[in-house]
Amino acid sequence: FAPSAFMPKSLSVASSSSLNMALADGVKPIIIGVAADSGCGKSTFMRRLTNIFGGDVVGPLGGGHGTEGGWETNTLVSDLTTVICLDDYHINDRNGRKESGLTALNPIENNFDLMFEQIAALKNGDTIMKPIYNHANGTLDTPEKIEATPIIIFEGLHPMHDDRVRDLLDFTLYLDISDDVKLNWKVQRDMEERGHSLESIMASIEARKPDFDAFIDPQKKDSDMIIEVLPTALDKDDKKTLRVRCIQKEGVSDFSPCYLFDSGSTIEWSPAADKLSSPAPGMKLKYGTEDYMGKPSQVVEMDGNFDNLQELVYIESALSNTKTKYYGELTQAMLSLADAPGSNNGTGLMQTLAAFAIRDLYEKKSAIAAKALNEKAAAKA
Ligand SMILES: Nc1ncnc2c1ncn2[C@@H]1O[C@H](COP(=O)(O)OP(=O)(O)OP(=O)(O)O)[C@@H](O)[C@H]1O
Ligand SMILES: O=C(CO)[C@H](O)[C@H](O)COP(=O)(O)O
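Residues numbered from 1 in each chain as written. Chains lettered and ligands numbered in written order. Predicted model: local features only at pLDDT ≥ 70, side-chain atom pairs only at ≥ 80, totals over all residues. Heavy atoms only, no water.

**As for the site of ligand 2**
Close contacts around ligand 2 come from Ser 38, Asp 87, His 90, Arg 94, Arg 97, Ala 104, Tyr 133, His 135, Leu 157 and Arg 208, and that covers them all. Asp 87 is positioned such that a nitrogen or oxygen atom in its side chain is 2.8 Å from an oxygen atom of ligand 2. At 3.0 Å, a side-chain N or O of Arg 97 approaches an oxygen atom of ligand 2. Protein coverage of the free-state accessible area of ligand 2, which is 360 Å², stands at 79%. Looking at side-chain class alone, the shell around ligand 2 contains three nonpolar, three polar and four charged residues. (Near = heavy atom within 4 Å. Polar contact = N/O pair within 3.5 Å; in protein donor to acceptor, adjacent residues only side chain to side chain. Areas by Shrake-Rupley, 256 points an atom, 1.4 Å probe, with all protein chains shown as cover. Nonpolar A, V, L, I, M, F, W, Y, C, P; charged D, E, K, R; others polar.)

**A word on the packing of aromatic side chains**
Inspection of the entire model under this criterion finds five aromatic pairs. For the ring pair Trp 269 and Tyr 314, a centre distance of 5.4 Å and an interplane angle of 65° mean the geometry is edge-to-face. Of this pair, Trp 269 sits in strand β12 (residues 267–269) while Tyr 314 sits in helix α9 (residues 312–316), and the two are 45 residues apart along the sequence. You'll find Trp 269 and Tyr 314 in the same group, each marked buried. (Phe/Tyr/Trp six-rings, centres within 6.5 Å; stacked < 30°, edge-to-face > 60°. Helix = DSSP H or I, 4+ residues; strand = E, 2+ residues; numbered from the N terminus. Buried < 20%, exposed > 50% of the residue type's maximum accessible area, 1.4 Å probe, protein only.)

**Thoughts on the environment of Gly 96**
Inspection of the secondary structure assignment puts Gly 96 in helix α4 (residues 94–100). Here the alpha-carbon distance between Gly 96 and Gly 64, two residues 32 residues apart in the chain, equals 25 Å.

**Some remarks on the side chain of Asn 74**
Here Asn 74 is to be found in the loop between β2 (59–60) and β3 (76–77). A polar contact is formed between the side chain of Asn 74 and the side chain of Asp 88, at a distance of 2.6 Å. There is a polar contact of 2.8 Å between the side chain of Asn 74 and the backbone oxygen of Tyr 133.

**Structural notes on the pairing of strand β7 (residues 151–156)**
Burial of β7 is extensive: six of the six residues sit out of reach of the surface. The pairing of strand β1 (residues 30–35) with β7 spans six bridges and is parallel. Residue Ile 31 lies in a different strand from β7, and its bridge partner there is Ile 152. Sheet topology places strand β4 (residues 81–85) next to β7; five bridges connect them, and they run parallel. When the sheet's bridge partners are listed, Thr 82 is paired in β7 with Ile 152. (Pairing = 2+ DSSP bridges.)

**Description of the environment of Asp 224**
Along the chain, the position of Asp 224 falls in the loop between α8 (198–216) and β9 (225–231). Judged by its relative accessible area of 10%, Asp 224 falls in the buried class. Residues Asp 224 and Ile 247 lie 23 residues apart in sequence; the distance between their C-alpha atoms is 8.3 Å. Contact partners of Asp 224, with chain neighbours within four places excluded, come to Arg 166, Asp 170, Phe 171, Thr 172, Ile 247, Gln 248, Lys 249 and Val 252. (Contact = heavy atoms within 4.5 Å.)

**Topic: the pattern of salt bridges**
All told, the structure shown has 26 salt bridges when counted by the stated rule. Arg 245 is the partner of Glu 228 in a salt bridge, and the nearest nitrogen-oxygen pair spans 2.7 Å. Of the two residues, Glu 228 is situated in strand β9 and Arg 245 in strand β10 (residues 242–249); the sequence distance between them amounts to 17 residues. Look at Arg 245 and you get buried, because its relative accessible area is 10%. Here Glu 301 ties to Arg 243 by a salt bridge, and the two come within 2.9 Å at their closest N and O atoms. Separated by 58 residues along the polypeptide, Glu 301 in strand β14 (residues 295–303) and Arg 243 in strand β10 bring together distant segments of the chain. Taking relative accessible area as the criterion, Glu 301 reaches 5% and is therefore assigned buried. One salt-bridge network, held together by shared partners, links Asp 37, Lys 182 and Arg 208. (Salt bridge = Lys/Arg side-chain N within 4 Å of Asp/Glu carboxyl O.)

So, in structure tokens, the structure goes:
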């Protein structure tokens with residue numbers, strides 16, 4: 001997880017105390033869990049999320065490594081949000097894992113008791129001293145102080161693995177990247193940007209696969225939203241174009257699914273080419289209800305790329321219950337991060353829809369909490 005990838009270049013870094021927007025008296029933070037394997041787009045998603053929550057300052061807690069007084073950290077803060085990486089709860093450092101012979105994906109290598117204790121404390125509005133796993137050198141560093149902010153996101157390998165932790169989460173999201181796409185993304189980052197060989201990338205994916213299948217993948221069954229990224233179904237020889245499905249569970253508290261045209265219908269839509277231009281193999285959207293691993297769900301799908309981000313407003317006009325505050329906000333949010341990976345396809349679109357759903361959930365839950373506090377105060381008076 002790279003804090004620098006999360007920090008828009010134009011924004012400066014400030015100390016944590018000036019970043020954290022205070023919680024109103026008696027209002028508790030809402031806690032979001034985002035699960036995914038390494039290299040599956042969590043940093044990009046966090047960028048989209050904090051972009052929507054706004055705030056003047058976004059960056060690594062304490063300024064991050066290399067700044068005056070800064071330290072190596074995986075924690076990211078903005079005015080409203082704190083993003084905590086669950087890698088910080090690894091029990092062993094990298095050498096310790098060599099000795100144990102286990103991967104970081106194995107629950108035995110993660111301290112779920114401490115994770116539970118600290119998430120519960122933050123949810124209660126308390127301050128914690130959280131461990132740090134340093135990815136630069138593979139050591140466990142001096143813990144850092146984390147103060148509760150209104151929205152706290154726990155992202156990483158296992159946010160929904162332990163039932164006690166799972167029960168503390170107000171909303172859960174799983175980024176489900178198919179094997180082919182995962183390999184492409186890893187190659188792009190680790191081979192082209194970090195100079196690793198194709199063989200070493202493939203060997204690392206293979207070595208992680210059994211533990212991924214046993215401990216990470218099962219979490220999607222109980223997630224409130226799953227963003228599934230697959231190769232296109234429009235051309236079997238096309239290995240680059242993506243088909244992205246946003247699976248939204250029904251019956252989740254304070255959340256109702258976004259839909260295309262008409263809630264509850266089954267729809268396949270090829271947008272008019274003069275309103276939305278897309279390169280071969282073209283563009284197809286779908287919407288429908290389905291049983292996802294035994295749970296009633298509504299699924300919005302986008303298969304294909306678009307050429308011009310401005311034209312996304314045409315698709316936005318066909319989507320309902322996006323939780324945007326005005327028509328065009330979805331397209332505007334995508335335009336403001338036009339350089340981020342996935343901004344020309346369904347990965348960016350679904351991540352942005354997820355970010356609006358989380359904002360809406362936060363607003364609903366804080367309105368309910370404020371109402372309860374007012375009623376309590378009125379009863380006392
Ligand atoms: N939507 C996307 N479209 C195309 N490529 C993407 C997309 N999202 C991510 N990638 C590619 O995958 C790489 C990994 O993404 P990212 O750094 O966001 O993942 P991560 O889950 O935060 O990884 P890690 O946990 O290892 O730090 C990026 O460098 C980029 O090359
Ligand atoms: O699965 C991972 C989550 O990011 C990492 O592999 C794990 O955290 C260990 O990190 P490193 O490989 O830097 O020692």
